[in-house]
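A look at the structure
In case you want the letters, here they are:
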Amino acid sequence: HNSGFFEDPHQSAHLCDLFSTLLDHVRGWASEGSKGPEGGKLMLYKNEILFADNTVLFKVDNRRIVFIPHSMIEVIMTTQEPYCEQTEKDMLSYVDRSMLISTTGEKERNRFFNSMQARIKGTRERLGV
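Residues numbered from 1 in each chain as written. Predicted model: local features only at pLDDT ≥ 70, side-chain atom pairs only at ≥ 80, totals over all residues. Heavy atoms only, no water.

Notes on the overall build of the protein
Helix and strand content of the protein: three helices and five strands. The C-alpha atoms of the protein give 18 Å as radius of gyration, which overshoots the globular expectation for 129 residues (14 Å, by more than 25%). In terms of its C-alpha atoms, the protein occupies a principal-axis envelope of roughly 50 × 35 × 30 Å. Out of the 129 residues belonging to the protein, those deemed buried represent 21%. Counting contacts in the protein only where the partners sit at least 6 residues apart, residues at least 24 apart contribute 51% of the total. Working note: accessible area of the protein is about 9,800 Å², and carbon and sulfur atoms make up 55% of it. (Helix = DSSP H or I, 4+ residues; strand = E, 2+ residues; numbered from the N terminus. Rg over C-alpha atoms; globule rule 2.2 N^0.38 Å. Buried < 20%, exposed > 50% of the residue type's maximum accessible area, 1.4 Å probe, protein only. Contact = heavy atoms within 4.5 Å. Areas by Shrake-Rupley, 256 points an atom, 1.4 Å probe, with all protein chains shown as cover.)

Here it is as structure tokens:
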């Protein structure tokens, strides 16, 4: 809304509502540890340290692929094994230093999702609709 992408604040408010609904679904999935009866296992972790890294690692069987954001709109993909191996080690290290909030850690899970919902509510209130 601030960027002028939406002229009508009701459109922005509607996006807030949709995001809030999505967050409720994710909260339920995290509580159950799966994405519904047809979905796969879900392990959601919380880490207080801000990682400004949007690297994505896909691992299927013994094959790894890493996607690295570049220049805000480009993505670099690599299957170079040493790089993929190091990326996986780094990510596992992040997980080791994080708190599992799916299936366990109900208090932290609620604190996390309540905080996210409060941020959405605050944004919606600033829209004035």
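On we go from here.
Comments concerning the packing of aromatic side chains
Applying the stated criterion across every chain yields a total of three aromatic pairs. Their ring planes at 90° and their centres at 4.9 Å tell us that F5 and F6 sit as a pair that is edge-to-face. Of the residues examined, F5 reaches a relative accessible area of 67% and is grouped as exposed. Relative accessible area serves as the criterion here: at 21%, F6 is assigned to the partly exposed category. Here the aromatic rings of F58 and F67 are separated by 5.6 Å at their centres, their planes lie at 90°, and the arrangement is edge-to-face. (Phe/Tyr/Trp six-rings, centres within 6.5 Å; stacked < 30°, edge-to-face > 60°.)

Regarding the pairing of strand β2 (residues 56-60)
Where β2 meets strand β3 (residues 63-70), five bridges bridge the pair, whose relative direction is antiparallel. Bridging across to β3, V60 finds its partner in R63. The turn joining β2 and β3, which pair antiparallel and follow one another in sequence, is formed by two residues; a positive phi near 55° is taken by D61. (Pairing = 2+ DSSP bridges.)

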